[in-house]
Amino acid sequence: MGILRNTRKPSRKLIWLIIPLVVIMVVMGVKKSFWGDGSRNNYYPWVWNSVINTYADSVVKDDVPVVAEGPVVDGGGVVAEGPSENYYGNNSLSYPPLAMEDEMDVQLPDIAKEDDLNATSSGPDLFLSTNQTIGIHVDTRINKTYTSLDRLEARLSQVRAAIKEADSGNRTHDPEYVPYGPMYWNAAAFHRSYLEMEKQFKVFVYEEGEPPIFHNGPCKNIYSMEGNFIYHMETTKFRTKTPEKAHTFFLPMSAAMMVRFIYERNTKVDHWRPMKQTIKDYIDLVGGKYPFWNRSRGADHFTLACHDWGPELSKAHPYLFKNSIRALCNANTSEGFNPSKDVSIPEILLPDGTTRGILNGPSPRYRPVLAFFAGGVHGPIRPILLKHWQDKDPDIQVHQYLPKGVSYMAMLRQSKYCISPSGYEVASPRMVEALYTGCVPVLIKDHYVAPFSDVLNWKSFAVILAVEDIPNLKNILNGISTRQYLRMQRRGKQVRRHFEVNFPPKRYDVFHMILHSVWLRRLNIQIQSVADS
């Protein structure tokens, strides 16, 4: 007995030493701040199988790159390529399924009341960083105060679950519009996601900055999306004046206005410097005044630019380029556009600021021209198109300059197919003009991600042509059966509403589709913070 008693004492001492150490380790794991690197977990992973390549999504944490693996579109001359039939095995979805709460590394807390900022939860279930796992069960009750961010993230986890439920065929009643058809990768998931956005999505718009660079932008002509979006964003119901309730934060600056007012035209100096310095100063201003930029390293912030220089200007701040959601017309993957976090938006030419006179067109039977293009010679693709087809064939109306007296809009309405080749940049208003007038778009672009490709299957209503196939353009278009052409034309008319500019905005129009794309990217990240216990 004496021997047993003596052997137990050291064991008990050892146990009493181990238990506090375990508790300290667990608490330290919880207390370690997830310093807002905006970890992207691909909860809503929109990918195109034929152009997927391994991608390292670098985010910055304590000035050290942290690499998280994930998919990305690599470009290569294919636009909005759909996944292969075997990509999902027996899954009936048209794109990769959502990773939901039961697939996460972390169990999110139950939702507390929205206005109860002091709600607490107690027990062994700890809210951990997604990069940490602890397999030790400690019978110790730890009180934790959940922040507004914790509760916001918990609600987003329920949104992901609701969208996954829609994948299984549960449809939500919407008397105004229910999307369906092959134009959508997954109509049910898109519809439920859109409805959840309408119910919950909140955006905080920074009020700092003065026009014309900030809170302003062109509302006419080719860069009209910048001004229109900024204006609608500052007056929309999605805007919140309470930043703690915001899912994303909008930086209301216009690239087009920077080029107009502060672009340095002296060829002997760095003409980028004044514009980039303006952007950096603005981010430093809001980052110093509010905690939200630093909290996420910009991962839940977004900006919008339709000017060709938008991608380059976003390099003014490393986190803006690397982490933030960039809504860009010039969505070129070879220039750093990342479809897993960035948003491709349409370039829309509005001569008078409205769509008057540029919508609608005749039925296919009144379209005698097979294909049409007119435009200036710049970039590597258009010279090839003009070389092979300019004034060569009456069925393929390709012009650098339209003949005198010929209307550009009239030619769009007389044509079955409207060609949209890249110029110096990949963005072009021609694809939207085609949809507006009932013409089937023919996209000839390299490294381009088409607008709203996370939702829309462009191959169902547009022709995607490789540059090397330009000499064979007529044979390819003639090889499309009349039945298939009519299907594409009809589908284009159905998706046109997603590209229309309305005053005020209407459900499912271009303003709401841009917001929805930002909403999807926000669903794709998780930002964590832990309050003092």
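Since this is a predicted model, take the numbers as computed values, not measurements.

**A look at empty space enclosed by the protein**
Logical step 1: Scanning the entire structure with this criterion turns up 11 cavities of 30 Å³ or more.
Logical step 2: Considering only enclosed or pocket space, the largest cavity measures out at about 100 Å³ in volume.
Logical step 3: What lines the largest cavity is a set of 13 residues, among which Ala-255, Ile-279, Thr-303, Ala-305 and Gly-310 lie closest to the centre.
Logical step 4: The greatest single-element share of the lining of the largest cavity, amounting to 3 residues, is contributed by strand 8 (residues 301-305).
Logical step 5: Partitioned by chemical class, the residues of the lining of the largest cavity number 9 nonpolar, 4 polar and no charged.

**Brief notes about the state of the cysteines**
Logical step 1: Inspection of the entire model under this criterion finds 2 disulfides.
Logical step 2: Residue Cys-306 pairs covalently with Cys-329 via a disulfide, S to S 1.8 Å. Taking the torsion about the sulfur-sulfur bond, which here is approximately -75°, the covalent link between Cys-306 and Cys-329 counts as left-handed. You can see Cys-306 sitting in the loop between strand 8 and helix 8 (310-313) and its partner Cys-329 sitting in the loop between strand 9 (325-328) and strand 10 (343-344), a full 23 residues away along the chain.
Logical step 3: Relative accessible area serves as the criterion here: at 1%, Cys-329 is assigned to the buried category.
Logical step 4: The disulfide partner of Cys-418 is Cys-439, and the S-S distance across this bridge is 2.1 Å. Because the torsion about its S-S bond is 110°, the bridge between Cys-418 and Cys-439 counts as right-handed.

**Quick word on helix 12 (residues 430-437)**
Logical step 1: Most of helix 12 sits inside the fold, with 8 of its 8 residues counted as buried.
Logical step 2: Of the positions making up helix 12, those classed as buried are Arg-430, Met-431, Val-432, Glu-433, Ala-434, Leu-435, Tyr-436 and Thr-437.
Logical step 3: Tucked into the core, helix 12 has its buried residues touching strand 11 (369-374), helix 10 (382-389), helix 11 (408-414), strand 13 (415-421), strand 14 (440-444) and helix 14 (482-495).

**Comments concerning the packing of helix 3 (residues 187-200) against helix 15 (residues 510-523)**
Logical step 1: For the pair helix 3 and helix 15, interaxial distance at closest approach is 10 Å and the crossing angle is 95°. It follows from the interaxial angle that helix 3 and helix 15 lie roughly perpendicular. On helix 15, the residues touching Phe-190, Ser-193, Tyr-194, Glu-196, Met-197 and Gln-200 of helix 3 are His-512, Met-513, Leu-515, His-516, Trp-519, Leu-520 and Leu-523.
Logical step 2: By residue class, the composition of the contact of helix 3 with helix 15 is 8 nonpolar, 4 polar and 1 charged.

**Things to note about the packing of aromatic side chains**
Logical step 1: Summed over all chains, the structure comprises 26 aromatic pairs.
Logical step 2: Relative to Phe-238, the ring of Phe-201 has its centre 6.5 Å away and its plane inclined at 55°; by these criteria the two rings are tilted. Taken together, the residues Phe-201 in the loop between helix 3 and strand 6 (203-205) and Phe-238 in the loop between helix 4 (224-233) and strand 7 (248-250) connect sequence positions 37 residues apart.
Logical step 3: Accessibility expressed as a relative area gives 1% for Phe-201, which makes it buried.
Logical step 4: By relative accessible area, Phe-238 is classed as buried at 1%.
Logical step 5: Considering the side-chain rings of Phe-214 and Tyr-282, the 4.3 Å spacing of their centres and the 20° angle between planes classify their relative orientation as stacked. In this pair, Phe-214 sits in the loop between strand 6 and helix 4 while Tyr-282 sits in helix 6 (residues 273-289), placing the two residues 68 residues apart along the sequence. Note on accessibility: Phe-214 and Tyr-282 belong to one class, buried.
Logical step 6: Among the aromatic residues, those joined into a ring-pair cluster are Tyr-177, Tyr-184, Phe-190, Tyr-194 and Tyr-508.
Logical step 7: The residue whose ring lies beneath Lys-445 is Tyr-448, and the NZ or CZ to ring-centre distance is 5.2 Å.
Logical step 8: Against the face of Tyr-177 rests Arg-497, its NZ or CZ located 4.1 Å from the ring centre.

**Examining the environment of Ala-255**
Logical step 1: In this structure, Ala-255 sits in helix 5 (residues 255-261).
Logical step 2: For Ala-255 and Cys-306, which are 51 residues apart along the polypeptide, the C-alpha to C-alpha distance reads 7.4 Å.
Logical step 3: Here Ala-255 is in contact with Glu-226, Ala-305, His-307, Gly-310 and Leu-313, once residues within four sequence places are set aside.

**A closer look at the packing of helix 2 (residues 148-167) against helix 15**
Logical step 1: Taken N-terminus to C-terminus, the directions of helix 2 and helix 15 make an angle of 110°; their axes are 10 Å apart at the nearest point. Considering their axes alone, helix 2 and helix 15 lie roughly perpendicular with respect to each other. Counting all contacts with helix 2, which are made through Leu-149, Leu-152, Glu-153, Leu-156, Val-159, Arg-160 and Ile-163, the residues of helix 15 involved are Trp-519, Arg-522 and Leu-523.

**As for the pattern of salt bridges**
Logical step 1: Enumeration according to the criterion identifies 20 salt bridges in this entry.
Logical step 2: The salt bridge involving Glu-176 is made with Arg-507; its shortest N-O contact spans 3.2 Å. Taken together, the residues Glu-176 in the loop between helix 2 and helix 3 and Arg-507 in the loop between helix 14 and helix 15 connect sequence positions 331 residues apart.
Logical step 3: On the basis of relative accessible area, Glu-176 is assigned to the partly exposed category, the value being 49%.
Logical step 4: Measuring nitrogen to oxygen at the nearest pair gives 3.3 Å for the salt bridge that ties Asp-300 to Arg-295.
Logical step 5: In this structure, a network of salt bridges that share partners links the residues Asp-174, Glu-176, Glu-198 and Arg-507.

Parameters and conventions
The residue numbering used here restarts from 1 in each chain and proceeds along that chain's sequence as written. A pLDDT threshold of at least 70 governs which residues receive local features in this predicted model, and a stricter bar of 80 or more applies before side-chain atom pairs are shown or counted, although totals over entire chains, interfaces and linings include all residues. Excluded from the side-chain calculation are hydrogens and water; included are all heavy atoms of the structure. Using protein atoms alone on a 1 Å grid, points that fit a 1.4 Å probe yet trap it form a cavity, whereas open point sets bounded by protein on both sides within 12 Å along at least five of seven lines form a pocket; residues with an atom within 4 Å of a point count as lining. Grid points are joined across faces, edges and corners, and a volume is the space filled by probe spheres set on the points. Numbering of helices and strands runs from the N terminus, with a helix taken as a DSSP run of H or I at least four residues long and a strand as a DSSP run of E at least two residues long. When residues are sorted by character, Ala, Val, Leu, Ile, Met, Phe, Trp, Tyr, Cys and Pro go into the nonpolar class, Asp, Glu, Lys and Arg into the charged class, and all the rest, Gly among them, into the polar class. Note on terminology: pairs of cysteine sulfur atoms within 2.5 Å are recorded as disulfides. Burial here depends on accessible area, computed with a 1.4 Å probe over protein chains only, as a share of the maximum for the residue type. Under 20% is buried, over 50% is exposed, and the range in between is partly exposed. Contacts were defined at the residue level, with two residues in contact if any of their heavy atoms lie within 4.5 Å. Only C-alpha atoms enter the line fits that serve as axes; for helices the fit covers just the stretch in contact. Angles between N-to-C directions range over 0 to 180 degrees. Angle categories: roughly parallel below 35 degrees, roughly antiparallel above 145, roughly perpendicular from 65 to 115, and oblique for all the rest. Centre distance within 6.5 Å is the pairing criterion for rings of Phe, Tyr and Trp, where only the six-membered ring of Trp is used; planes under 30 degrees apart are then read as stacked, over 60 as edge-to-face, and the remainder as tilted. Note on geometry: a ring has a charge over it if NZ (lysine) or CZ (arginine) is within 6 Å of the ring centre and within 35 degrees of the ring normal. Each reported salt bridge corresponds to a side-chain nitrogen of Lys or Arg within 4 Å of a carboxyl oxygen of Asp or Glu.

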